[in-house]
Amino acid sequence: MLRMMNDVDEDMILRITPLLCGLLWGAYSLNAADTLPPMHWADESRIGKPFAKDPSVIRFQDRYLMYFSLPPFSASLAKPDSPKGWSIGIAESTDLIHWRKTAEILPEQECEKKGLCAPGARVIGNQVHIFYQTYGNGAKDAICHAVSADGKRFVKDASNPVFRPEGDWTSGRAIDAEVYPVKDRLLLYFATRDPKMKVQMIGVAGAPLDSDFSRKTWKQLCDAPILKPELSWEQECIEAPTLCERDGKLYMFYAGAYNNKPQQIGVAESRDGLTWQRLSEQPLVPNGSAGSWNFSESGHPGVFADKDGQTYLFYQGNSDQGKTWFLSVLKIDWREGRPVIVK
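How each quantity is defined
Residues numbered from 1 in each chain as written. Predicted model: local features only at pLDDT ≥ 70, side-chain atom pairs only at ≥ 80, totals over all residues. Heavy atoms only, no water. Phe/Tyr/Trp six-rings, centres within 6.5 Å; stacked < 30°, edge-to-face > 60°. Helix = DSSP H or I, 4+ residues; strand = E, 2+ residues; numbered from the N terminus. Buried < 20%, exposed > 50% of the residue type's maximum accessible area, 1.4 Å probe, protein only. Polar contact = N/O pair within 3.5 Å; in protein donor to acceptor, adjacent residues only side chain to side chain. Contact = heavy atoms within 4.5 Å. Pairing = 2+ DSSP bridges. Salt bridge = Lys/Arg side-chain N within 4 Å of Asp/Glu carboxyl O.

A.B. asks: Let's hear about the packing of aromatic side chains: which residues, and what values?
C.D. replies: Between two aromatic rings, the relevant description is the distance of the centres plus the angle of the planes. With the rule as written, the count across this model stands at 16 aromatic pairs. Ring centres of F163 and F190 lie 5.0 Å apart, and the angle between their planes is 50 degrees; this geometry places the pair in the tilted category. Within this pair, whereas F163 is found in the loop between β8 (154-156) and β9 (175-182), its partner F190 is found in strand β10 (residues 185-193), the two being separated by 27 residues in sequence. What makes F190 buried here is its relative accessible area of 0%.

Following this line, the structure appears as structure tokens:
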């Protein structure tokens, strides 16, 4: 073997090696470009593999902040003082593509002792308000509130949980909080289930915009769901509402179907924030094709409108039925009053 190697023309090796390396690198790069978007981000600190869900993005003090759900620690990574259950991670970015986790919001109050997740963040005045859900309590899960001056260190509302729905149309559960100011009110959108805990749907409440958003300030504004699953791809679930405004109209991006069924993203519009009409019978953001990073779902959207007018849609996806979860982003263009994905 050594003799055969010595007989090879060294000049030929030097000529061929860069070519082979170039071909291999080109094939790798093409494959990566075909399967992974520019933002394909997750946190590995909790379970030792990529896992981040439920993105909500804001711009605050000249940086971007993303709030997202973190799973419970795996037994192998948990320390004696590690929090139990789900928590909320906080990541920073300067370009909306590359992110670094810098802080966490951990369970502290009695209502959160089993965990907290699914954050919805909004800048109001010079503070960051975050609305989130308790976790692990079934029909008793509800919406909580906290506020921060720097976007990282939050003071939780002493009256938490601040909201859960009432009426014979709902089980009383409230998750997936999103808030949006409309005139003199802050509207709180939430997902709930029917009394049998089978069908997930959207409701809305309101509080004065100049209030402290504690429990006593909220008034339920519906006695039936404002949006419920009706289309075949939505199956038995509409959840994760997220809002933006464009030319005097409100747009709600929402997740249809439960996780990995597959979950996909639809959109509806409204003039008043209470009555909603779908823009299409097809999902705006479907799950990916076989072999793609989001084959199992494209779900739980979080819309963000930057100060330059560009709209971004953050969302979660995976290709392994939820063993891992990644976060990504799409640019949204607007054509004739409709959102269009920028290819």
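We are not done yet, so read on.
A.B. asks: Explain the side chain of S328 residue by residue, including any values.
C.D. replies: Note that S328 resides in strand β19 (residues 326-335). Within the structure, S328 has its side chain in polar contact with the backbone oxygen of M39 (distance 2.6 Å). Each residue touching S328, except ones within four places of it in the same chain, is listed here: P37, M39, W293, L313, F314 and Y315.

A.B. asks: Account for the pairing of strand β11 (residues 200-208), with residues named and values stated.
C.D. replies: Counted residue by residue, β11 has eight buried out of nine residues, so it is predominantly covered. Pairing between β10 and β11: nine bridges, direction antiparallel. Looking at β11, one finds that Y189 is bridged to V204. In this sheet, strand β12 (residues 219-220) lies alongside β11 in antiparallel orientation, the contact comprising two bridges.

A.B. asks: How would you sum up the pattern of salt bridges? Please name residues and give values.
C.D. replies: Here the structure, examined in full by the defined rule, presents 17 salt bridges. The residue E104 makes a salt bridge to K101 at a minimum N-O spacing of 2.7 Å. The residue R335 makes a salt bridge to D333 at a minimum N-O spacing of 3.5 Å. By relative accessible area, which is 49% here, R335 ends up partly exposed. With relative accessibility at 32%, the residue D333 sits in the partly exposed group. One salt-bridge network, held together by shared partners, links D43, R46, K101 and E104.

Take it as geometry only, folks, not as evidence of what the structure does.
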